[in-house]
Amino acid sequence: MDEKEQEEIIKIAEEEARKLNMWEAERRQQSIEKYGRDIYTNKEIGSKKIRKFNKKLDIVVKGIIAICAFILFSFLLKILANVWGL
């Protein structure tokens with residue numbers, strides 16, 4: 001590619017980024033006008049019961065994944081020890 005083509009690509013990318021930023025700003029402004037706050041970046045939006053349930057569910061899932069990883073690791077170590085004859 002020559003410099004002219006690269007400059008065109010850069011201009012197009014900058015224009016698309018500007019359009020996206022304008023769209024995001026418009027959506028935020030609409031939510032502030034409609035709800036009195038920015039619902040797109042505020043993590044406190046939604047039912048408190050569901051957020052509390054999701055937090056507990058995340059903890060349980062992370063715990064299960066950690067236990068499975070520990071079991072798999074110990075199983076692989078046992079196989080390796082058997083292969084080496086320990």
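In case you missed it, the structure is sitting above this.
The structure displayed is predicted, hence computed values, not measured ones.

## Thoughts on the overall build of the chain
Secondary structure summary: the chain contains two helices and zero strands in total. Taken against the 2.2 N^0.38 rule, which gives 12 Å for 86 residues, the C-alpha radius of gyration of the chain at 26 Å runs more than 25% over that of a compact globule. Counting only C-alpha atoms, the chain reaches 65 × 55 × 10 Å along its principal axes. Looking at the chain residue by residue over its 86 residues, the buried ones come to 2%. If you sum the accessible surface of the chain, you get close to 8,300 Å²; carbon and sulfur atoms cover 64% of it.

## Quick word on the pattern of salt bridges
A full pass over the atoms with the stated rule returns two salt bridges. Across the pair Arg18 and Glu15 runs a salt bridge, and its minimum N-O distance is 2.5 Å. Pair noted here: Arg18 and Glu15 are both in helix H1 (residues 3–35), with a separation of three residues, about one helical turn. Residue classification places Arg18 among the partly exposed residues on the basis of a relative accessible area of 40%.

## A few points about the environment of Thr41
Relative to the helices and strands, Thr41 resides in the loop between H1 and helix H2 (48–84). A sequence separation of 13 residues divides Thr41 from Arg28, and the C-alpha atoms of the two residues are 8.6 Å apart.

## A short note on the side chain of Ser31
For Ser31, the position within the fold is in helix H1. Given a relative accessible area of 4%, Ser31 falls into the buried group. For Ser31, the residues in contact, after removing those within four places along its chain, are Gly36, Arg37, Asp38, Ile39 and Tyr40.

## What to know about H2
Taking 1.5 Å of rise per residue, the 37 residues of H2 would be expected to cover 54 Å, and the 54 Å separating its terminal C-alpha atoms lies within 8% of that figure. Following H2 by one or two positions, Gly85 has its phi on the positive side, about 80°.

Reading the values: rules and limits
Residues numbered from 1 in each chain as written. Predicted model: local features only at pLDDT ≥ 70, side-chain atom pairs only at ≥ 80, totals over all residues. Heavy atoms only, no water. Helix = DSSP H or I, 4+ residues; strand = E, 2+ residues; numbered from the N terminus. Rg over C-alpha atoms; globule rule 2.2 N^0.38 Å. Buried < 20%, exposed > 50% of the residue type's maximum accessible area, 1.4 Å probe, protein only. Areas by Shrake-Rupley, 256 points an atom, 1.4 Å probe, with all protein chains shown as cover. Salt bridge = Lys/Arg side-chain N within 4 Å of Asp/Glu carboxyl O. Contact = heavy atoms within 4.5 Å. Expected span 1.5 Å × (residues − 1).

Treat this as a map of the structure, not an account of what it does.
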